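# Tertiary structure, described
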Amino acid sequence: MYEILKKGSFPLIESNSFYKSDTTEIYKVEDTLYKLYLKKDPFKRQVLDFLIAHYDELKEISIPPISKLKIDDNYGLKMLYVESEDFLSYIKNGKIPPEEMVRIIKILSDNLKIHNKLGIHFSDLHHHNILIRETDKYPLYIDLDDATVGNYPSTRICKMAHRLHNVKNKTYEYEGDLIKYGNLDQECLVLMLLNYIYDKSLERLPYDEFQRKIERLSPYFENDFLTVAASIKQPDDTKIVIPYPHYIGDFITNESFPSAIQKVKRRINNENSDF
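The text that follows walks through the structure, step by step, so that each part is easy to find.

Counting buried residues in strand E3 (residues 24-29) gives five out of six residues, a clear majority hidden from the surface. In this structure, strand E2 (residues 17-20) lies alongside E3, joined through three bridges in antiparallel fashion. When the sheet's bridge partners are listed, Lys20 is paired in E3 with Glu25. Here E2 hands over to E3 after three residues, the two strands then running antiparallel side by side. The pairing of E3 with strand E4 (residues 32-37) spans six bridges and is classified as antiparallel. When the sheet's bridge partners are listed, Thr24 is paired in E4 with Tyr37. Connecting E3 to the next strand, E4, in antiparallel fashion are two residues, including Glu30 with a positive phi near 55°.

This part covers the nonpolar core. Counting residues in hydrophobic clusters, the biggest one holds 65 residues, and the most contacted among them are Phe87, Ile120, Tyr141, Leu193, Leu194, Phe221 and Ile248. No other element matches the eleven residues that helix H7 (residues 184-198) contributes to this core. Other than its neighbours up to four places away in sequence, Leu193 contacts Met101, Ile105, Phe225, Ile248, Ile252, Phe257 and Ile261. Judged by nonpolar contacts, the second largest core, of eleven residues, contains Ile26, Met79, Val82 and Leu131.

The rules behind these values
Residues numbered from 1 in each chain as written. Predicted model: local features only at pLDDT ≥ 70, side-chain atom pairs only at ≥ 80, totals over all residues. Heavy atoms only, no water. Buried < 20%, exposed > 50% of the residue type's maximum accessible area, 1.4 Å probe, protein only. Helix = DSSP H or I, 4+ residues; strand = E, 2+ residues; numbered from the N terminus. Pairing = 2+ DSSP bridges. Core = buried A, V, L, I, M, F, W, Y, C linked by side-chain atoms within 4.5 Å. Contact = heavy atoms within 4.5 Å.

See below:
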């Protein structure tokens, strides 16, 4: 069932406008958001039905839709508004210490397992679709409706994954297979952690240089972590999609991990260059 709304009538009035892009408009009324799709998507109804059916399993770890909307000839969803800050702003504005970064990545990794087990895969995972809840600094996944959900594929791939896999020099078929089978959300969590450690976008590096960056971490981190970190980057001319099998939180088990990050950062700062 759809909740029927009309644009220009409450709650979809200009004074409630919250966000606009080429593909969506969002309106806010107190603690509720109304998201309107401006472009057609043949699978959105099925995706929303799936997410709404699993609302209770998702509501503590993400922001799933509450209900579906029909607005004139377009469709949309209703969801809760949470006072929060996106992950990138949280990292940049607060310059969070390693202990906090590790805490968040471990939570995200554990909760990604739950999403993935339900059949929800974020091929477009990036810092802006993770929110840090204001009340308790708990990380939440958002934009579940843009993910691959069950048998309904996403058409989106984040810039980090696009660069990591050198997609611009490959075929559309490779990109499609990467979205479907590559487990890009698991890879992107690893990349977020590595980029925090180096304060650099490592996905932009060629394969050999990326691997050298990982090798230079060997005095500080255990081999298991280095192995799973190195394996997110395949040779630049690879045309076979290898599903990434690891959840990075499983490899951050040593209590000294944050101090190892701090040592790396200190050495980089002291040398005033990449080491």
